[in-house]
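# Architecture at a glance
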Amino acid sequence: DVSSPKHGKVDPDNMPHVGGNTWAGGTGGRDTAGLGGKGGPYRLDAGHRVYQVSQAEKDAVPEEVKRAAREMGEKAFKERLKEIQMSEYDASTYERFSGAVRRQVQSLRIILDNLQ
């Protein structure tokens, strides 16, 4: 069961973590920042294969936990914007322009990776 959202511990070796309730950047777990899990405050990609929990499990997360996760995610987002000296307006403008070329940038990255 989910209890309360948190960032989680950072693995100094960046090992892949699947499931559980401990590691930041893990996949398929609960309560911690990561991918494919449930009840975490925000998405955090550590570069590992993503294991996805079912949508039914995600839907079963209590509303108070979802609300706390959203609030924690929003707070982390605002702190990050402050760190990089960016306003919320700047972020939405960046997202608008970035979203328009996202597919092309991804294609270019794949081409460049293959060339390397």
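Definitions and limits used
- Residues numbered from 1 in each chain as written.
- Predicted model: local features only at pLDDT ≥ 70, side-chain atom pairs only at ≥ 80, totals over all residues.
- Heavy atoms only, no water.
- Salt bridge = Lys/Arg side-chain N within 4 Å of Asp/Glu carboxyl O.
- Helix = DSSP H or I, 4+ residues; strand = E, 2+ residues; numbered from the N terminus.
- Buried < 20%, exposed > 50% of the residue type's maximum accessible area, 1.4 Å probe, protein only.
- Phe/Tyr/Trp six-rings, centres within 6.5 Å; stacked < 30°, edge-to-face > 60°.
- Lys NZ or Arg CZ within 6 Å of the ring centre and 35° of its normal.
- Patch = residues over 30% accessible without salt bridge, like charges linked within 9 Å, V, L, I, M, F, W, Y side chains within 5 Å.
- Areas by Shrake-Rupley, 256 points an atom, 1.4 Å probe, with all protein chains shown as cover.
- Expected span 1.5 Å × (residues − 1).
- Arc of directions from axis to C-beta.
- Contact = heavy atoms within 4.5 Å.

Looking at an unreviewed UniProt entry, one finds the protein chain named VWA8 protein, with Psilopogon haemacephalus as its source organism.

Summed over the entire model, instances satisfying the criterion amount to six salt bridges. As a salt-bridge pair, K66 and E63 come within 3.7 Å of each other at their nearest N and O atoms. Of this pair, K66 and E63 are both found in helix α2 (residues 63-83), three residues apart, which corresponds to roughly one turn of the helix. In this structure K66 comes out as partly exposed when scored by relative accessible area, which is 25%. Judged by relative accessible area, which is 43%, E63 ranks as partly exposed. The residue R80 makes a salt bridge to E83 at a minimum N-O spacing of 3.0 Å.

A few words now on the packing of aromatic side chains. According to the stated counting rule, one finds zero aromatic pairs in the structure shown. For the cation-ring pair, K9 lies above W23, with the distance from its terminal atom to the ring centre recorded as 5.9 Å. Positioned over the ring face of F97 is R96, at 4.9 Å from the centre of the ring.

For the rest of this paragraph, the subject is a nonpolar patch on the surface. A grouping of L108, I111, L112 and L115 is seen on the molecular surface, where their side chains present a nonpolar patch of about 420 Å² in accessible area. Here L115 lies in helix α3 (residues 88-115).

Now for α2. The terminal C-alpha atoms of α2 lie 30 Å apart, and with 21 residues this matches the ideal 30 Å at 1.5 Å per residue to within 8%. Where α2 is concerned, the buried positions are V65, A69, G73 and L81. Down the axis of α2, the sector holding all buried residues measures 140°, keeping them to one side. In α2, the exposed residues that point more than 90 degrees away from the buried face are E71, K75 and K82. Where α2 is buried, its residues meet α3. Of the residues one or two after α2, Q85 is the one with positive phi, at around 55°.

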